[in-house]
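So you can see what is in the structure, the chains are spelled out below.
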Amino acid sequence: MHYDHLGAAYDQAPHVEVAEGFFRAVRGLARARAPGLVLDLGCGTGLLTELLAGTGCRVRGVDISRAMLRVARRRCRRFGARVRFAAGDLLDLRTAPPAVAAFACADVVNHFTAEKDVAAFFRSAWRSLEPGGVFVFDALNRWCFETYWKGQTYYFEGKSGDLVMECDWDPARRLGTAGMVVYARGPRGYAKRRAVLRERLHDDATLRRLLLRAGFSRADAAPWSPWTDQREEASVDRTLWTAVR
Ligand SMILES: C[S@@+](CC[C@H](N)C(=O)[O-])C[C@H]1O[C@@H](n2cnc3c(N)ncnc32)[C@H](O)[C@@H]1O
C-alpha cells in the first residue's frame, strides 16, 4: 500500500492545510456532538484526529496503513483512551459502538477507483453510524484534476522528510496519477522510496446515488475548498458532502 512508503513524510504543509480546512468545516458539528464518539475514516497520520479530539469528542481513527497509524498514535498520545486507532479496511468496516459522526478528510473517496469500492465504502460508513449520524467527506472535482494534477510537479520539504509528486490526469479514464518519490528522514539519513498514487474523479450524480443506495436518507453537496487562498483561483477544487443516516 503506497501510504506505507510515506509515513511521517506525509506531514507536509499542504496536507496539514487540508486537514485544518476540513476541520473548520466540521468543528461546529463535532463540538455540538461532544463527547460522543466520532470516526476519522482514512485517518492517515492523525492530522484531523488530533483536531477532532480537541473538541472533546471521543475519536476513533481507522486506516489501512500501519506506517501512517504509527505517526497518528504518536501525535495523539496525550489524549489517552479518548482517542483510539485501529488498522482496518474502509471497504469492510465493522465498528462498535455506533458513532454520532464519521469524517473522511482529504479526498479519501477518490482513492477508491472502482465504483463498487465507493459503494462498499459508503455502506461501511452507514453501518458505523447511529440513526441520525452524519457522514462528511470531501471529493476532488474535475477542475482540481485539470488544474492541480495535469502535468504538475510538486516539491515539499518537511521535518520528517521530503516529497516529490509528479502528477498527471487522464480525462478518458477520469484518473489522476501521482508518481511519488519519498525521502524519509531517519536516524542514519534519508531513505528513498517510490510509490504511485491513483485517484479517480467521481461525479456528483454517482456519489449521491451511491450514498442513497447505501441507506443514507439525505446527501447534500456543496462546492468547497480547504485552502485559505482559494479566492485567488478560478474555481474551488472540491465538493463537500454531508450525508445523514
Ligand atoms: C490522502 S490520505 C488522508 C489522510 C487523512 N485523512 C488526512 O486528512 O490527513 C488518504 C488515507 O486513506 C487511507 N486509505 C486508503 N485506502 C484505504 C482503505 N481501503 N482502508 C483504510 N484506509 C485507506 C490511506 O492509507 C491514507 O492514510
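Residues numbered from 1 in each chain as written. Predicted model: local features only at pLDDT ≥ 70, side-chain atom pairs only at ≥ 80, totals over all residues.

A. Quick peek at the domain arrangement of the protein chain. Assigned domains within the protein chain: domain 1 (2-141 + 202-244) and domain 2 (144-199). Each of domain 1 and domain 2 has a C-alpha centre, and the two are 21 Å apart. Residue composition of the side of domain 1 that touches domain 2, grouped by class: six nonpolar, eight polar and four charged. (Domains from an automatic or database assignment. Nonpolar A, V, L, I, M, F, W, Y, C, P; charged D, E, K, R; others polar.)

B. Fine view of the pairing of strand β9 (residues 189-200). Pairing analysis gives twelve bridges linking strand β8 (residues 175-186) to β9, with the strands arranged antiparallel. Note on β9: the bridge partner recorded for Val182 is Arg193. A loop of two residues connects β8 with β9, the two strands running antiparallel in sequence. (Pairing = 2+ DSSP bridges. Helix = DSSP H or I, 4+ residues; strand = E, 2+ residues; numbered from the N terminus.)

C. Focus on the site of the ligand. Near the ligand there are 21 residues, and of these Tyr3, Gly42, Gly44, Ile64 and Ala106 occur at the shortest range. For the shell around the ligand, the secondary structure elements donating two or more residues are α1 (13-33) and α2 (47-53). The element best represented in the shell around the ligand is α1, accounting for three residues. (Near = placed C-beta within 6 Å.)

D. The sheet that holds strand β7 (residues 161-170), seen in detail. Strand order in the open sheet formed by four strands is β6-β7-β8-β9, and the pairing between neighbours is antiparallel. Edge positions in the open sheet fall to β6 (153-158) and β9, since each of these has one partner strand only. Ignoring strand direction, the axes of neighbouring strands in this sheet form an average angle of 15 degrees. Packing of helix α5 (residues 142-149) onto the sheet brings it into contact with β7 and β8, and relative to β7 it is tilted by some 120 degrees. (Axes fitted to C-alpha atoms, helices over the stretch in contact; angles between N-to-C directions. Contact = placed C-beta atoms within 7 Å.)

E. A look at the environment of Asp170. In this structure, Asp170 sits in strand β7. Overall, Asp170 belongs to the partly exposed group, with 15 C-beta atoms counted inside 10 Å. Sequence-wise, Asp170 and Glu146 are 24 residues apart; in three dimensions their C-alpha atoms are separated by 9.1 Å. (Buried ≥ 20, exposed ≤ 12 C-beta atoms within 10 Å, placed from the backbone.)

F. Main features of unusual backbone geometry. Of the consecutive residues Ala34 and Pro35, the connecting peptide bond is found in the cis state with omega at 5 degrees. Summarising the element assignment, Pro35 is placed in the loop between α1 and β1 (37-41). Phi angles above zero are rare outside glycine, and Ala106 is one such case at about 80 degrees. Tracing the sequence through the fold places Ala106 in the loop between β4 (99-104) and α4 (115-127). Even without glycine at this site, Asp107 takes up a positive phi of about 50 degrees. Following the sequence through the fold, Asp107 ends up in the loop between β4 and α4.

G. Representation of the sheet that holds strand β2 (residues 58-63). Reading across from one edge, β3-β2-β1-β4-β5-β11-β10 is the order of the seven strands in this open sheet, with mixed pairing throughout. At either end of the open sheet lies a strand with only one pairing partner, and these are β3 (83-87) and β10 (218-224). Neighbour to neighbour, the strand axes of the sheet diverge by 15 degrees on average, direction disregarded. Two strands pair when backbone bridges link them, and β1 and β2 are joined in this way by five bridges, in the parallel orientation. Following the sheet pairing, Val38 is matched in β2 by Val59. The strands that helix α3 (residues 66-75) touches are β2 and β3; relative to β3, the one it contacts most, it runs at about 170 degrees.

H. How the structure looks around α3. Every buried residue belonging to α3 is among Met68, Leu69, Val71 and Ala72, and all of these are buried. Down the axis of α3, the sector holding all buried residues measures 160 degrees, keeping them to one side. The elements touched by buried residues of α3 are α2, β2 and β3. (Arc of directions from axis to C-beta.)

I. Quick look at the nonpolar core. If you look at the biggest cluster of nonpolar residues, it comprises 71 residues, and the most contacted ones within it are Val38, Leu41, Leu48, Ala102, Phe103, Phe135 and Phe137. A per-element tally of this core places strand β5 (residues 129-140) first, with seven residues. Shared between two domains, this core takes at least three residues from each, and those domains are domain 1 (2-141 + 202-244) and domain 2 (144-199). In contact with Ala102, not counting residues within four places along its chain, are Val38, Leu39, Leu41, Ala125, Ser128, Leu129, Gly133 and Phe135. (Core = buried A, V, L, I, M, F, W, Y, C linked by C-beta atoms within 7 Å.)

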